[in-house]
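# Structural features, examined
Single-letter residue listing:
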Amino acid sequence: MKRYLSHPFWQGAIVVVASYVAFEYVIGYVLPVIGVASAPVPSSVIVEYMLIVLVGVLLYMSADEDRWQRFREPIRATMVQPDRRTVRGILMVAFPVLIGWLAYERVKPSYAAPATLRAVHPAPPNQLTFRGETIELTGLENPLREEGSMEEHLAVGKRIYVRNCVPCHGDLLDGQGHYAPAFNPVPADFTSSGNLPQLTESYVFWRIVKGGPGLPREGTPWDSAMPAWETILEQDEIWAVILYLYDQTGFPPRTWEEEGGHE
Amino acid sequence: MRAPRGTGIVLLVLFAGTPSALAGQEDAAAAGKVVYDRWCAECHGETGQGDGSAAASMLPRPRDFTQALYQIRTTGSGQLPTDADIRFAIENGLPGTTMPGWPNLTDGEIDDLIVYLKSFSRFFGQGPAPEPLDFGSDPGGGPAAVEAGAAAYLTMLCEECHGLSGRGDGTSAPTLEDWRGLPIRAADLTEAWVLNGGSSVEDMHTRMLTGLDGTPMPSAIDAMNSGVVSPDEVWQLAHYLASLGPREMPPLRDVIRVGRAEGGLPADGGEEAWAGVEAFYFPLSGQVVQLPRNFAPAVDGLWVQGLHDGNDIALRVQWNDPSNSPDPNWDEWQNKITTALDLDGAEPIALDSVGAPTSRPPDAVLLQFPFEPPEGTDRPYFLMGDAREPVYLWTWDSETGVGAGRGRGLDSVEPLAEDPVAGEATWEEGRWTLYLRRSIEIESDGLDFAEGTPTPIAFQAWDGSSAEVGKRSSVSTWYYILLEPPASSTVVVTPLLAMLLTGAFGLVLVRRAQDRRRDG
């Protein structure tokens with residue numbers, strides 16, 4: 001085992017295989033399981049990534065003459081040595097088949113939706129206008145934390161949430177409301193550690209006030225069914241529903257100190 | 001304000017009645033109240049009357065626990081539910097309503113919650129604990145059972161409410177009310193995934209034996225006792241119901257594949273021509289993005305099929321709607337919907353001097369596309385575009401038929417008179433079938449489809465008899481439609497060429513390496 005690990009050829013092979021596993025499976029399927037927002041990588045992108053990895057490995061191997069020789073040795077041996085005839089034969093068939101398959105994947109008629117690389121949490125603006133009133137977002141805190149009764153704010157927030165947000169984001173705040181199946185992208189899951197605790201309250205305020213239409217291009221504003229809530233709710237109602245979101249899920253909001261400027 | 005004299009005594013008497021339900025369970029009830037106030041009260045109301053702040057936008061309304069009328073039971077008609085019944089509804093939710101399942105609650109929390117829910121009504125704790133009915137055993141399914149069940153469907157007069165095809169379009173359907181006098185739909189049995197009590201054969205059999213208390217759905221027990229149907233026939237009926245459509249919501253696929261028609265495009269929406277053409281299901285949501293919102297939409301999904309022949313594209317869109325609007329038989333229903341539902345600021349349809357509605361809106365559906373195949377992933381706003389970027393629409397309503405339009409937002413459609421899109425719709429037994437046809441490329445302003453390129457498509461629907469007009473609609477977000485390109489030789493040639501080249505290259509490499517070794 002150790003013999004293999006210290007050999008440049010096998011090191012390179014391990015890097016290539018590990019990269020493929022990471023691109024194909026970890027990003028798309030493992031990350032969501034541990035609560036990080038992610039989606040499968042389109043196969044054309046994986047091919048590009050893998051080419052970059054291959055070039056990287058070759059560059060590294062050829063940077064040092066001795067390492068390059070050792071790296072080449074097993075390849076050369078497989079090509080020339082009589083006792084490796086079987087392996088050679090298998091590879092001489094397997095490689096062209098692999099390339100043929102990759103070519104087929106490229107040219108075969110595709111009935112899949114074009115890949116959309118959508119930024120789930122795009123960078124927020126520094127300020128926004130709420131029905132014409134300019135509000136600075138940088139450094140903005142939830143004003144309701146400093147005034148009035150928290151109990152009453154939470155009661156208001158819950159009323160607003162259940163009346164307005166439940167159809168999509170769900171009673172359990174898990175993004176599984178009764179209309180969720182009709183929407184693509186799916187409504188945000190507030191119980192995911194990838195959402196509320198990563199965001200300042202001012203960020204959540206921006207996303208609620210401006211909704212889907214207020215997203216920057218990388219957030220695919222034309223797809224999102226999130227209303228621009230400034231057309232329906234008052235500022236205090238939005239701040240109250242934000243308090244409710246954090247309280248009901250038990251997450252603390254991200255603070256401006258952690259943020260260190262803005263995203 | 002002072003309470004009138006005597007209130008105290010009445011309260012005392014009321015409370016004297018309740019403790020038996022709670023005897024020894026005060027702690028559990030207190031713990032249940034905490035869960036209830038946190039998760040349930042906003043819909044079901046602090047006092048359990050089903051009148052929470054969000055209730056008015058829901059149909060059916062949240063359960064009123066003070067009435068102890070539970071739909072989903074295993075006990076006889078008019079009886080209280082068992083604890084297990086209440087748990088079943090909490091754990092699984094009631095599909096087709098706004099009540100979700102609650103996997104976030106622990107078993108213990110649900111136990112406490114059940115104690116607290118029961119404390120809302122004096123009926124619990126009086127007399128012996130409710131017992132489940134004896135449901136007998138399923139004699140088994142199969143074609144013969146389904147056929148016998150279809151006969152029992154008529155014997156039991158199911159079609160009076162649920163309609164001959166089970167789509168909830170029976171002659172009594174427009175008149176149905178729940179115990180509060182609110183309009184209630186006869187279940188669409190062809191969409192079993194929205195049945196409140198579950199979609200398995202056992203679930204349906206159970207619901208038939210127990211009835212759904214508080215709704216017009218009766219128990220089959222009387223019919224069984226009087227010999228109208230046998231216990232086995234009710235099981236067979238359950239098998240028949242389960243055969244009416246998929247049990248689960250069809251999986252969502254985001255690209256409608258429009259295949260090339262062999263031997264010409266269908267000339268209409270008739271079953272024969274479209275049988276075997278892949279159908280795609282799209283769930284719709286109420287339009288809850290812009291005021292006035294629609295929190296209780298009538299149309300909850302549609303099926304789309306497509307074919308093309310290189311010159312023309314034909315689409316068939318089908319959706320269930322128990323009313324062929326405008327239909328005066330549904331006037332009462334329309335009036336009840338407008339009074340029962342919080343219309344979120346929408347103007348209710350006015351009534352004339354004899355109580356008839358002054359307008360009967362048509363049924364309608366529209367298909368939405370961008371005007372140009374989009375660059376990258378950019379496209380117009382999914383809710384019928386906006387002032388900056390319009391959408392291209394194929395419109396249909398039951399009064400004016402098929403047309404095309406330019407949409408610049410939900411309430412802004414400008415007809416495109418030149419557009420050659422044509423088609424027709426027929427309504428039969430609670431289902432609309434809309435047939436649309438147009439040339440793939442057109443002279444006038446509108447989308448030219450490109451074979452092999454996915455084109456965005458979205459949907460919107462209205463049920464006129466449910467007072468759905470304007471923004472009170474059902475909507476979808478963007479999906480894609482793709483016209484299958486003609487078979488191409490590149491699909492075979494390119495991979496073969498790539499394999500040959502790689503193989504040859506490999507051979508040369510190996511040969512050279514071996515030569516060098518021999519020479520060296």
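Residues numbered from 1 in each chain as written. Chains lettered and ligands numbered in written order. Predicted model: local features only at pLDDT ≥ 70, side-chain atom pairs only at ≥ 80, totals over all residues.

### Observations concerning the overall build of chain B
Summing up its helical and strand segments, chain B has 14 helices and 14 strands in all. Taken along its principal axes, the extent of the C-alpha atoms in chain B is 105 × 80 × 55 Å. Across the 520 residues of chain B, 43% fall into the buried class. In chain B, the share of contacts with a sequence separation of at least 24, taken over all contacts with a separation of at least 6, comes to 65%. (Helix = DSSP H or I, 4+ residues; strand = E, 2+ residues; numbered from the N terminus. Buried ≥ 20, exposed ≤ 12 C-beta atoms within 10 Å, placed from the backbone. Contact = placed C-beta atoms within 7 Å.)

### Considerations on the overall build of chain A
Of the regular secondary structure elements, chain A holds nine helices and two strands. Of the regular secondary structure in chain A, the N- to C-terminal order runs α-α-α-α-α-β-β-α-α-α-α. The proportion of buried residues among the 263 residues of chain A is 28%. Long-range pairs, those at least 24 residues apart, make up 58% of the contacts in chain A between residues at least 6 apart in sequence.

### Points about the domain arrangement of chain A
Interfaces are often sized by the amount of accessible area the parts lose when they come together. What the domain assignment reports for chain A is domain 1 (2-107) and domain 2 (127-259). Spacing between the C-alpha centres of domain 1 of chain A and domain 2 of chain A amounts to 44 Å. (Domains from an automatic or database assignment.)

### Concerning the interface of chain A and chain B
In this assembly, 43 residues from chain A lie in contact with 50 residues from chain B. Secondary-structure elements contributing two or more residues to the side of chain A that touches chain B are α4 (65-80), α5 (85-107) and α6 (150-169) of chain A. Per element, the largest residue contribution to the side of chain A that touches chain B is ten residues, and it comes from α5 of chain A.

### A short note on the pairing of strand β1 (residues 127-130) of chain A
Residues and elements named next belong to chain A. As paired strands, β1 and strand β2 (residues 133-136) are joined by four bridges and run antiparallel to one another. If you follow L128 over to β2, its bridge partner there is I135. Hairpin remark: β1 followed by β2, antiparallel, with two residues in the connecting loop; positive phi at R131, about 45 degrees. (Pairing = 2+ DSSP bridges.)

### Overview of the confidence of the model for chain B
Residue and element names in this part refer to chain B. Summing up the model confidence of chain B, the mean pLDDT is 92 and the portion of residues at 70 or higher is 95%. Counting contacts from residues 1-19, a segment whose pLDDT is below 50, to residues more than four positions away or on other chains yields three contacts. For this predicted complex, the interface confidence score (ipTM) comes to 0.88, while the overall pTM stands at 0.85. (pLDDT = per-residue confidence, 0-100.)

### Here's the deal with the packing of α6 of chain A against helix α8 (residues 235-249) of chain A
All names here are of chain A. Relative orientation of the contacting elements α6 and α8 amounts to 95 degrees, with a least axis distance of 7 Å. The angle between α6 and α8 falls in the class roughly perpendicular. Between α6 and α8, the residues in contact are H153, L154, V156, G157, K158, I160 and Y161 and E237, A240, V241, L243, Y244 and D247, respectively. Residues belonging to the contact of α6 with α8 are distributed by class as follows: eight nonpolar, two polar and three charged. (Axes fitted to C-alpha atoms, helices over the stretch in contact; angles between N-to-C directions. Parallel < 35°, antiparallel > 145°, perpendicular 65-115°, else oblique. Nonpolar A, V, L, I, M, F, W, Y, C, P; charged D, E, K, R; others polar.)

### Quick look at the pairing of strand β1 (residues 255-260) of chain B
Residue and element names in this part refer to chain B. Of the pairings in the sheet, the one linking β1 to strand β14 (residues 479-483) comprises four bridges and is parallel in character. Directly across from R257, in β14, lies its bridge partner L482. When β1 meets strand β4 (residues 301-308), the two strands line up parallel, connected through two bridges. Directly across from R260, in β4, lies its bridge partner H308.

### Some points on the nonpolar core
The tendency in soluble globular proteins is for nonpolar side chains to be buried side by side. Grouped together as the largest cluster of nonpolar side chains are 120 residues, with contacts concentrated most on I242 of chain A together with A461 of chain B. Of all the elements, α8 of chain A adds the most residues to this core, at nine residues. Residue contacts for A461 of chain B: discarding those within four places in its chain leaves L284, V299, L302, W319, A364, V365, S473 and S474 of chain B. Within the second largest apolar cluster, 24 residues are counted, among which are A152, A186, L189 and W235 of chain B. (Core = buried A, V, L, I, M, F, W, Y, C linked by C-beta atoms within 7 Å.)

### Some points on the environment of I442 of chain B
Residues and elements named next belong to chain B. When you line up the elements, I442 lands in the loop between β11 (431-439) and β12 (455-462). C-alpha of I442 to C-alpha of V421: the two residues are 21 residues apart in sequence and 9.6 Å apart in space. Residues in contact with I442, not counting those within four places in the same chain, are D419, P420 and D448.

### Topic: helix α7 (residues 143-155) of chain B
Given 3.6 residues per turn, any residue in an α-helix points the same way as the ones three and four places further on. Residue and element names in this part refer to chain B. In a regular helix each residue adds 1.5 Å, so 13 residues correspond to 18 Å; α7 covers 19 Å between its end C-alpha atoms and thus fits that length. All of the buried residues along α7 are A145, A148, G149, A152 and Y153. All buried residues of α7 fall inside an arc of 155 degrees around its axis, so they share one side. Opposite the buried face of α7, by more than 90 degrees, sit the exposed residues P143, A144 and L154. Where α7 is buried, its residues touch α8 (159-162) and α11 (231-242). Within two residues after α7, L157 carries a phi angle of roughly 60 degrees, on the positive side. (Expected span 1.5 Å × (residues − 1). Arc of directions from axis to C-beta.)

### What to know about the domain arrangement of chain B
All names here are of chain B. What the domain assignment reports for chain B is domain 1 (16-118), domain 2 (143-242), domain 3 (255-483) and domain 4 (491-515). Between domain 1 and domain 3, the C-alpha centre-to-centre distance is 39 Å. Each partner contributes to the interface: domain 1 provides four residues, whereas domain 3 provides five residues. Split into classes, the residues belonging to the side of domain 1 that touches domain 3 amount to three nonpolar, one polar and no charged.

### A look at the environment of T98 of chain B
Along the polypeptide, T98 of chain B turns up in the loop between α5 (83-92) and α6 (107-118). Using a count of 24 C-beta atoms within 10 Å as the deciding quantity, one classes T98 of chain B as buried. Placed 228 residues apart in sequence, T98 of chain B and P326 of chain B show a C-alpha to C-alpha distance of 28 Å. Look past the residues within four positions of T98 of chain B in its chain and what remains in contact with it is H178 of chain A together with M58 of chain B.

### What about the environment of G197 of chain B?
Residue and element names in this part refer to chain B. Relative to the elements of secondary structure, G197 occurs in the loop between α8 and α9 (201-210). C-alpha of G197 to C-alpha of L410: the two residues are 213 residues apart in sequence and 36 Å apart in space. Excluding residues that lie within four positions of it along the chain, G197 makes contacts with I72, D203, T206 and R207.

### A word on the packing of helix α7 (residues 201-210) of chain A against α8 of chain A
Residue and element names in this part refer to chain A. Two elements in contact, α7 and α8, have axes whose closest approach is 10 Å; the angle formed by their N-to-C orientations is 125 degrees. Viewed along their axes, α7 and α8 adopt a mutual orientation that is oblique. Note that α7 runs across α8; the crossing there is right-handed. The residues of α8 that touch α7, namely those facing E201, V204, F205, I208 and V209, are I238, W239 and I242. Counted by class, the contact of α7 with α8 contains seven nonpolar, no polar and one charged residues. (Left-handed = near helix turned anticlockwise from the far one by under 90°.)

### Overview of helix α2 (residues 8-33) of chain A
The largest bend in α2 of chain A comes to about 60 degrees, at V26 of chain A. A positive backbone phi angle near 90 degrees is found at G35 of chain A, which sits one or two residues after α2 of chain A. (Bend = angle between axes of the 7 residues up to and from the residue.)

### Focus: unusual backbone geometry
Following L59 of chain B, the chain continues into P60 of chain B via a peptide bond in cis, with omega recorded as -5 degrees. Here P60 of chain B is to be found in the loop between α4 (41-44) and α5. The linkage connecting L291 of chain B with the following residue, P292 of chain B, adopts the cis geometry, with an omega of -10 degrees. In this structure, L173 of chain A is a non-glycine residue whose phi angle is positive, near 65 degrees. In this structure, L173 of chain A sits in the loop between α6 and α7. Judged by C-beta crowding, with 23 C-beta atoms within 10 Å, L173 of chain A ranks as buried. In the Ramachandran plot, L157 of chain B falls in the positive-phi region, its phi being about 60 degrees despite a non-glycine side chain. Under the C-beta neighbour-count criterion, L157 of chain B is labelled partly exposed, with 14 such atoms within 10 Å.

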